[in-house]
Amino acid sequence: MKVLLINPDLKAARSRARRYNRAWPPLDLLIAASMLRQAGHEVALIDARATGTGFEEIRRAARSADLVVLESSPLDRWQCPDLNWEGLVNLARRLPREKLVLAGAHGTVRPELMLRETRAAALIRGEPEAAIVELAEAGGNPRGIARLSYQDSGRIIQEPDQGQISLDLLPRPAYDLIDFKYYGYELLGRRLALLETSRGCPFSCIFCLKAMYGSGLRTKAWPRVLAEVEEVVGRYRAESVYFIDLEFGLKQEDTINLCQELIRMNLDFRWCCQTRADAVDPELLALMKEAGCALIHFGVETGSPRLLDETNKKISLNQIRTSLDHCHRLGMATACFFLFGLPGETEADRRATMRLARELNPTFASFHIASPYPGTELNRLAGEDDPFPACLSREHDLDLLSRQARRAFLSFYLRPAYVLARFREGTFKEKLRRMRLFWEFVQ
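Residues numbered from 1 in each chain as written. Predicted model: local features only at pLDDT ≥ 70, side-chain atom pairs only at ≥ 80, totals over all residues. Heavy atoms only, no water.

Draft legend 1. Local environment of unusual backbone geometry. In this structure, Ser153 is a non-glycine residue whose phi angle is positive, near 55°. Here Ser153 shows up in the loop between strand 6 (148–152) and strand 7 (155–158). Despite not being glycine, Asn361 shows a phi value in the positive range, around 50°. Note on placement: Asn361 falls in the loop between helix 13 (347–360) and strand 17 (364–369). (Helix = DSSP H or I, 4+ residues; strand = E, 2+ residues; numbered from the N terminus.)

Quick look at the structure:
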């Protein structure tokens with residue numbers, strides 16, 4: 001079959017709570033493309049988020065394909081997909097429905113809604129790679145394929161779920177289908193590749209959407225990770241790598257082996273990751289830095305000990321302070337993420353969060369509104385009628401939270417000492433990219 005994989009550009013559709021759709025490689029679609037090729041299928045990929053490919057070109061490509069997979073949220077958005085699902089619906093309705101299949105978080109948590117609104121022939125719930133191949137092998141017929149939802153004589157059929165695939169069985173992504181010049185991360189660098197060492201997370205934070213990952217934590221053997229690093233840096237000249245795991249380094253022995261081998265290989269690239277503050281110590285951080293780690297993301301969430309406990313994050317503010325202090329001492333760049341609009345949050349709690357951000361003084365800070373995604377405990381507490389609510393609207397006012405988030409950005413980034421420190425770092429182009437990002441934050 002001729003299979004077309006589409007990562008759409010939804011920037012034109014403004015969300016009620018902003019999400020930042022950076023141009024990052026659609027890793028799951030690239031893996032699916034490799035699997036399709038192994039099965040003998042012809043594959044094309046359109047990453048409109050990166051290339052800005054227009055609708056008419058997408059429609060022409062869809063007409064000539066036998067199977068069209070439209071993804072609402074590539075792997076980097078599995079945890080926090082866009083709320084402007086209407087934009088996806090508008091695009092889907094203009095594509096040939098008889099061969100259109102949806103993938104991504106929106107259909108995973110709201111399959112009936114997304115099938116009805118998009119009029120797609122089928123929908124994949126959860127991680128899409130294996131299901132895409134099975135669907136192509138079946139000639140586009142979804143009947144009997146695990147994790148597929150579809151309409152039959154006006155009824156929604158939900159095929160059973162199945163266990164998750166081992167990451168060691170996944171082939172290397174089909175990076176030849178993309179051009180790395182389109183991808184970058186303002187906080188890390190150009191020619192960005194996404195890689196993963198694990199999927200899932202063993203923790204149960206009330207705000208975290210994990211429906212795409214399944215239960216538990218699956219890891220990839222570190223020699224396989226090294227082979228992928230060597231390929232993207234050596235063959236495709238990637239200059240930066242983001243290990244897109246929900247929590248990088250939870251298996252510390254594998255992380256140590258990976259870092260030691262990266263040091264030995266001495267490849268010329270920078271990398272970043274996201275991890276828990278209690279998963280790193282000074283020795284591991286020093287090893288990660290020596291191996292090329294240039295930036296670490298930490299989910300801090302709130303400056304209120306009471307709220308932090310109620311999120312079920314199972315971490316303390318002192319543990320966060322300690323890890324940030326270790327990073328500062330080593331000269332490692334950090335990015336901290338904070339949430340406004342948690343259950344029971346007060347104005348005093350939001351002020352405490354802003355104070356904590358300034359106290360921790362990470363290299364970068366980001367303030368977002370807690371969205372009660374379907375399938376999370378936060379959504380259950382919300383009792384919202386909106387299929388994709390932007391905030392806990394029965395408790396918080398979205399406009400007020402948006403103003404508070406903007407105020408938090410300004411109070412953090414406009415400190416004279418902070419401005420001077422960042423001005424001394426990086427090239428002129430890097431400074432310009434970060435200034436543009438700051439402008440996006442405060443608009």
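Draft legend 2. Molecular detail of the state of the cysteines. Tallied over the entire structure, the rule returns zero disulfides. Distance from the sulfur of Cys208, which forms no disulfide, to the nearest cysteine sulfur (Cys205) is 6.2 Å. Lacking any disulfide linkage, Cys336 is separated from the closest cysteine sulfur, that of Cys327, by 8.5 Å. For Cys336, a relative accessible area of 1% corresponds to the buried category. (Disulfide = S-S within 2.5 Å. Buried < 20%, exposed > 50% of the residue type's maximum accessible area, 1.4 Å probe, protein only.)

Draft legend 3. Broad picture of the sheet that holds strand 1 (residues 2–7). Read from one edge to the other, the open sheet built from seven strands follows the order 2-1-3-4-5-6-7, with strand pairing classed as mixed. Sheet topology places strand 2 (42–47) and strand 7 at the edges, where each strand pairs with a single neighbour. In this sheet, adjacent strand axes meet at a mean angle of 20° when their direction is disregarded. In the sheet, strand 3 (residues 67–71) pairs with strand 4 (residues 100–103) via four bridges, with the strands oriented parallel. By the bridge assignment for strand 4, Leu70 is matched with Leu102. Packing against the sheet, helix 7 (residues 129–137) makes contact with strand 1, strand 3, strand 4, strand 5 (122–124) and strand 6, and its axis sits at approximately 160° to strand 3. (Pairing = 2+ DSSP bridges. Axes fitted to C-alpha atoms, helices over the stretch in contact; angles between N-to-C directions. Contact = heavy atoms within 4.5 Å.)

Draft legend 4. Examining the pattern of salt bridges more closely. Under the defined criterion, the tally for this structure stands at 29 salt bridges. The residue Glu347 makes a salt bridge to Arg351 at a minimum N-O spacing of 3.8 Å. Of this pair, Glu347 and Arg351 are both found in helix 13, four residues apart, which corresponds to roughly one turn of the helix. Classification of Glu347 by relative accessible area gives partly exposed; the value is 27%. The partner of Arg407 in a salt bridge is Glu347, with the nearest N and O atoms 3.6 Å apart. (Salt bridge = Lys/Arg side-chain N within 4 Å of Asp/Glu carboxyl O.)

Draft legend 5. Local environment of the packing of helix 12 (residues 317–330) against helix 13. Closest axis-to-axis distance for the helix 12/helix 13 pair is 10 Å, and the angle between their directions is 30°. With respect to each other, helix 12 and helix 13 are oriented roughly parallel. Two secondary-structure elements touch here, helix 12 through Leu317, Ile320, Arg321, Leu324 and His328 and helix 13 through Leu356, Glu359 and Leu360. For the contact of helix 12 with helix 13, the per-class residue count stands at five nonpolar, one polar and two charged. (Parallel < 35°, antiparallel > 145°, perpendicular 65-115°, else oblique. Nonpolar A, V, L, I, M, F, W, Y, C, P; charged D, E, K, R; others polar.)

Draft legend 6. Expanded view of the pairing of strand 4. The alternating pattern of strand 4 places Leu100 and Leu102 and Val101 and Ala103 on opposite faces, both of which are buried. In this view, the connection linking strand 3 to its parallel neighbour strand 4 by way of helix 4 (residues 85–92) has right-handed handedness. When strand 4 meets strand 5, the two strands line up parallel, connected through two bridges. Across the sheet, residue Leu102 finds its bridge partner in strand 5, namely Leu123. (Right-handed = clockwise from strand over helix to strand, strands pointing away.)

Draft legend 7. Representation of the nonpolar core within the structure. The biggest cluster of nonpolar side chains holds 144 residues, and the ones touching the most others in it are Leu5, Trp271, Met288 and Phe367. With eight residues, helix 1 (residues 27–38) is the largest single contributor of residues to this core. Setting aside anything within four residues of it in sequence, one finds Leu5 in contact with Leu29, Ala33, Leu36, Val43, Ala44, Leu45, Ile46, Val69 and Ile132. (Core = buried A, V, L, I, M, F, W, Y, C linked by side-chain atoms within 4.5 Å.)

Draft legend 8. Looking closely at helix 15 (residues 398–413). An ideal rise of 1.5 Å per residue puts 22 Å on 16 residues; helix 15 measures up with 23 Å between its terminal C-alpha atoms. Where helix 15 is concerned, the buried positions are Leu398, Leu401, Gln404, Ala405, Ala408, Phe409, Phe412 and Tyr413. Buried residues of helix 15, seen end-on, are gathered within an arc of 150° and therefore sit on one face of the element. Backbone nitrogen of Asp399 and a side-chain oxygen of the N-cap are separated by 3.3 Å at the start of helix 15; the cap is Asp397. (Expected span 1.5 Å × (residues − 1). Arc of directions from axis to C-beta. Polar contact = N/O pair within 3.5 Å; in protein donor to acceptor, adjacent residues only side chain to side chain.)

Draft legend 9. Seen up close, the packing of aromatic side chains. Tallying each qualifying case throughout the model produces 19 aromatic pairs. Their ring planes at 35° and their centres at 6.1 Å tell us that Phe340 and Phe367 sit as a pair that is tilted. Placement of Phe340 in strand 16 (residues 333–340) and of Phe367 in strand 17 is noted, with a sequence separation of 27 residues between them. Pair check on accessibility: Phe340 and Phe367 agree, each one buried. One aromatic cluster is present, formed by Phe338, Phe340, Phe367, Phe409, Phe412, Tyr413 and Tyr418 through successive ring pairs. Taking NZ or CZ as reference, Arg94 lies 3.9 Å from the ring centre of Phe55, over its face. Of note, Arg276 hangs over the ring of Phe203, and the distance from its end group to the ring centre comes to 3.8 Å. (Phe/Tyr/Trp six-rings, centres within 6.5 Å; stacked < 30°, edge-to-face > 60°. Lys NZ or Arg CZ within 6 Å of the ring centre and 35° of its normal.)

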